[in-house]
Amino acid sequence: MEQQRFTLKKNERLCSRTTIQELFTKGQSFVKYPFRVSYLRVDAGDTANAQVLISVSKKRFKRAYKRNRLKRLSREAYRLNKTEFITSLQKNGLNIAVAFIYLPTEILDYASVEKGMKKALNKLIKDTCREKE
């Protein structure tokens, strides 16, 4: 029995400026507290099924160590809960670019961030599968 690895590799991170710009101009979005989630279907290339961008506002958190902590918590929550999301994308043959934007003005604990991430991923699964049909 193969051990499942919870990784977040380079090709799973959204780095392309053109894709990011398209994501925020043409993409769809919704809010699942504590995140605003924007997503856009992209062409299948040599990239992963889901490319992720995590953002924390500099306007809300002036100190970099606070922004970095929140990004770290969000990445960890995504990394541990992405398997169902990725398998549903693979099953439907979809590639997607996703941005998670942290909304609150205070630092939430990991349990709250993970709960919000699970809700957001479940809504993403429902929305993207509905679009496919």
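See the structure printed just above.
All values reported here derive from a predicted model rather than from experimental measurement.

Calculation rules
- Residues numbered from 1 in each chain as written.
- Predicted model: local features only at pLDDT ≥ 70, side-chain atom pairs only at ≥ 80, totals over all residues.
- Heavy atoms only, no water.
- Helix = DSSP H or I, 4+ residues; strand = E, 2+ residues; numbered from the N terminus.
- Rg over C-alpha atoms; globule rule 2.2 N^0.38 Å.
- Buried < 20%, exposed > 50% of the residue type's maximum accessible area, 1.4 Å probe, protein only.
- Areas by Shrake-Rupley, 256 points an atom, 1.4 Å probe, with all protein chains shown as cover.
- Lys, Arg positive; Asp, Glu negative; His and termini not counted.
- Charge placed at Lys NZ, Arg CZ, Asp CG, Glu CD.

Draft legend 1. Structural context of the overall build of the protein chain. Counting secondary structure elements, the protein chain contains four helices and four strands. Reading the secondary structure of the protein chain in the N-to-C direction produces α-β-β-β-α-α-β-α. A compact globule built from 133 residues should have a C-alpha radius of gyration of about 14 Å, and the protein chain, at 14 Å, falls within 12% of that. Its C-alpha atoms give the protein chain principal-axis dimensions of roughly 40 × 40 × 25 Å. For the protein chain, buried positions account for 41% of its 133 residues. Here the protein chain displays about 8300 Å² of accessible surface, and carbon together with sulfur accounts for 46% of that area. In the protein chain, the 30 positive side-chain charges and the 13 negative ones have mean positions that sit 9 Å from each other.

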